[in-house]
Amino acid sequence: MANISPPLLSRREIEDLIAAGGKIFILDQFVIKANGWIPYHPGGDKSILHMVGRDATDEVTALHSAETKQKMSRYRIGRIEGRWTNFIPPIQGGKFRSLVDNTEHNADDSVSSDDSRGASLVFDSDRSGLRHRGGLQDGMSSSTSVTSASSAEENDGMAHLNTLTREKISLDLEKYPPVDHETQDAIVAKYRLLHDRIKAEGLYDCSYSAYAVEACRYSLIAACMYFTFHWGWYALSAVFLGALFHQLAFVVHDAGHIGITHNFHIDTLIGMFVADYLGGLSIGWWKRNHNVHHIVTNSPENDPDVEYLPFLALSHRFFGSLRSTYYEHLMEYDAVARFAVKFQHYAYYPLMLFGRFNLYRLAWLYLLGGQAPRKGPAWWHWYLEITGQFVFWYWYGYLVIYRSIPTNWDRFAFFMVSHMIAAPLHVQLTLSHFAMSMADLGPTESFPQKMIRTTMDIDCPQWLDFFHGGLQFQVVHHLYPRIPRHNLRRTQKLVQEFCTDVGIPYALYGFVDGNRQVVGALAEVSRQAAILAKCQQAMTSGSFGHAQ
């Protein structure tokens, strides 16, 4: 039977569908309704919700295989003509009208398709403030909430935060290409051409000989761990085990992006075996978390990988007690957070020593909190992951630590050292984003520009690639997540050429300089917190006019 072309839908009709609860996004000029698909999505619901009302073509293409993308065609309900102007998704505070509502859009509503600037950020000199047409107002997200405080403190605090937000956005608007449709469409067109070139040059093909070398390295580290443990050198053995944890995490990352065999089930099993059975972590949690991170990178309200209150505030916007759309709770900037932020640039590395414990916590919250998919191709993952948790703690906690180490002190030392020695991994996981932009330039900014703007690469000699495990090429990885890590160095040159061509600054730092950037950014936020506290204190005392 011949394929019947789906009906042409207007922007207003699509808005009506979203207002009625439809999880609608655009994919290759087709209108996709994902309501029936969300319960089956192995990557969770949040990543889809952040695409509602948007053209998700680049995000879907980057994160999914061609086969998976083709399967989405069964959820087509219509098509569009011409370019699509993005709405702000409901999860991010976007507002939508039903067809029966004929009221005019106000400044908080989603933009009309004939707005020449779309929903980009613009400065309004008459209001001396920042106006975001489509969910942001006065420089702050509509999902922002402010903790209860006196009215004077709140107003003064918000004014200070809005000033900082305007400054950050203004700097980005000056540094990066404009977010108008014409400029961003040109960037997207060249980004897609680069994808075709990368594919034609075979850079999506996995190098199994490179993994053979990795396997030899892992085996050598494991052998060193075994023999030093056998000889009773428990602290040194723990160092080798921590190094093995560090190296194996890269395999989980590869498998989570279906970058080893490119087969969903096989790569998932590889990732599950390494993450759950050998490491006590959760590949399912990682997928759910990491997919969102790749879509809303460095968004304080939406990206779980930058939400670390009360221990770290990576942007002044956290001072406004934002509500996390991922964790679905208020990230309160309370007394504990205010104290911790004062010293966060000193506490950064000590906190990274305990990073693995946080991953355990998140894994168990995911597995016991009903977040794992129970339908679709991943319905069986939860059962294997739960089994993997018990297997890990049996071999690691019971057989190795409890049964094989004679004293409680040695047990404690082995446990702590084997976890803390993996701290460089957690530094690597944060290094490429913590010092980069967290400003929101609006929904007209293209996927490739946002990924480059919010991510940095770390420069290192090729012989050190094994230590970084591909995480040093985060700009390349965020643009094309499914490229196997052993091909990222070759791809980097193509991406640098692309950035030069489209005029997007490419952030590349050495490892030491990258660390300086991160610590410097944390210190800057700490300084801003101190200024905010002084402003609020002066306002409370009635002497704001004399505050410096």
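Residues numbered from 1 in each chain as written. Predicted model: local features only at pLDDT ≥ 70, side-chain atom pairs only at ≥ 80, totals over all residues. Heavy atoms only, no water.

1. Section: the overall build of the chain
Looking only at helices and strands, one finds 21 helices and eleven strands in the chain. Out of the 548 residues belonging to the chain, those deemed buried represent 53%. A separation of at least 24 residues holds for 72% of the contacts in the chain among residues at least 6 apart in sequence. Summed over all atoms, the accessible surface of the chain reaches about 24,100 Å², with 59% contributed by carbon and sulfur. (Helix = DSSP H or I, 4+ residues; strand = E, 2+ residues; numbered from the N terminus. Buried < 20%, exposed > 50% of the residue type's maximum accessible area, 1.4 Å probe, protein only. Contact = heavy atoms within 4.5 Å. Areas by Shrake-Rupley, 256 points an atom, 1.4 Å probe, with all protein chains shown as cover.)

2. Some details on the pattern of salt bridges
Where charged atoms from two side chains of opposite charge approach closely, those side chains can pair. Scanning the model with the defined rule gives 20 salt bridges in all. Across the salt bridge formed by K46 and E328, the nearest N and O atoms sit 2.5 Å from each other. Linking K46 in helix 2 (residues 46–49) with E328 in the loop between strand 8 (323–324) and strand 9 (329–330), this pair joins segments that are 282 residues apart in sequence. Residue K46 is classed as buried on the basis of its relative accessible area of 4%. E301 serves as the salt-bridge partner of R317, at 2.2 Å between the closest nitrogen and oxygen. Residue R317 is located in the loop between helix 10 (283–295) and strand 8, and its partner E301 is located in the loop between helix 10 and strand 8; the two are separated by 16 residues in the primary sequence. A residue is classified by how much of its surface remains accessible, and R317, at 4% relative accessible area, is buried. For E301, a relative accessible area of 2% gives the class buried. (Salt bridge = Lys/Arg side-chain N within 4 Å of Asp/Glu carboxyl O.)

3. Here's the deal with empty space enclosed by the protein
Under the defined criterion, the tally for this structure stands at five cavities of 30 Å³ or more. Together, 13 residues line the second largest cavity, and S47, I48, V60, H64 and I295 are the ones closest to its centre. Considering each element in turn, the lining of the second largest cavity owes the most residues, three residues, to helix 3 (residues 57–63). Looking at the lining of the second largest cavity residue by residue, the classes come out as eight nonpolar, four polar and one charged. (1 Å grid on protein atoms, 1.4 Å probe; cavity = no way out; pocket = protein on both sides within 12 Å on 5 of 7 lines; lining within 4 Å. Points joined across faces, edges and corners; volume = space filled by probe spheres on them. Nonpolar A, V, L, I, M, F, W, Y, C, P; charged D, E, K, R; others polar.)

4. Some details on the layout of surface pockets
Picture a little ball the size of a water molecule; that probe, rolled over the atoms, points out where space is still empty. Of the volumes computed, that of the largest pocket is approximately 1,300 Å³. In this structure, the largest pocket is lined by 50 residues; those nearest its centre are Y308, G355, N358, L359 and L362. Every element with two or more residues in the lining of the largest pocket is listed here: helix 8 (234–256), helix 9 (264–277), helix 10, strand 9, helix 12 (344–352), helix 13 (355–368) and helix 16 (423–434). Element by element, the count of residues in the lining of the largest pocket is highest for helix 13, at eight residues. Looking at the lining of the largest pocket residue by residue, the classes come out as 31 nonpolar, 13 polar and six charged. Of the volumes computed, that of the second largest pocket is approximately 1,000 Å³. If you trace the second largest pocket, you find 32 residues lining it, with H64, S65, E67, T68 and K69 closest to the centre. For the lining of the second largest pocket, the elements supplying multiple residues, two or more each, are helix 3, helix 4 (66–71), helix 6 (181–200), helix 9 and helix 10.

5. Considering helix 16
Between its terminal C-alpha atoms helix 16 stretches 16 Å, which fits the 16 Å expected from twelve residues at 1.5 Å a residue. Among the twelve residues of helix 16, ten are classified as buried, and the element is accordingly described as predominantly covered. (Expected span 1.5 Å × (residues − 1).)

6. Section: the confidence of the model for the chain
Any residue range with low pLDDT should be treated as having predicted coordinates unsuitable for detailed reading. When pLDDT is averaged across the chain, the result is 87; 88% of the residues are at 70 or more. Within the chain, strand 6 (residues 136–137) has the poorest average pLDDT of any element, 35, and helix 17 (residues 447–453) the best, 97. With pLDDT under 50 throughout, residues 105–153 is counted as low confidence; its partners more than four residues away or in other chains account for 122 contacts. (pLDDT = per-residue confidence, 0-100.)

7. Some thoughts on a nonpolar patch on the surface
A contiguous nonpolar surface patch, about 700 Å² in accessible area, is contributed by Y226, F227, W231, W233, L236, V239 and I421. Mapped by element, the contributors of at least two residues to the nonpolar patch are helix 7 (208–230) and helix 8. Counting through the fold element by element, W233 comes out in the loop between helix 7 and helix 8. Judged by relative accessible area, which is 47%, W233 ranks as partly exposed. (Patch = residues over 30% accessible without salt bridge, like charges linked within 9 Å, V, L, I, M, F, W, Y side chains within 5 Å.)

8. What to know about the nonpolar core
Grouped together as the largest cluster of nonpolar side chains are 57 residues, with contacts concentrated most on F25, W285 and F414. Here the element with the most residues in this core is helix 8; it accounts for nine residues. The residues touching F414, leaving out its near neighbours within four places in the chain, are M225, F229, Y234, S237, A238, L241, Y396, V400, I401 and I405. The next biggest cluster of nonpolar side chains, apart from the first, holds 53 residues, and it includes L322, F434, M451 and V525. (Core = buried A, V, L, I, M, F, W, Y, C linked by side-chain atoms within 4.5 Å.)

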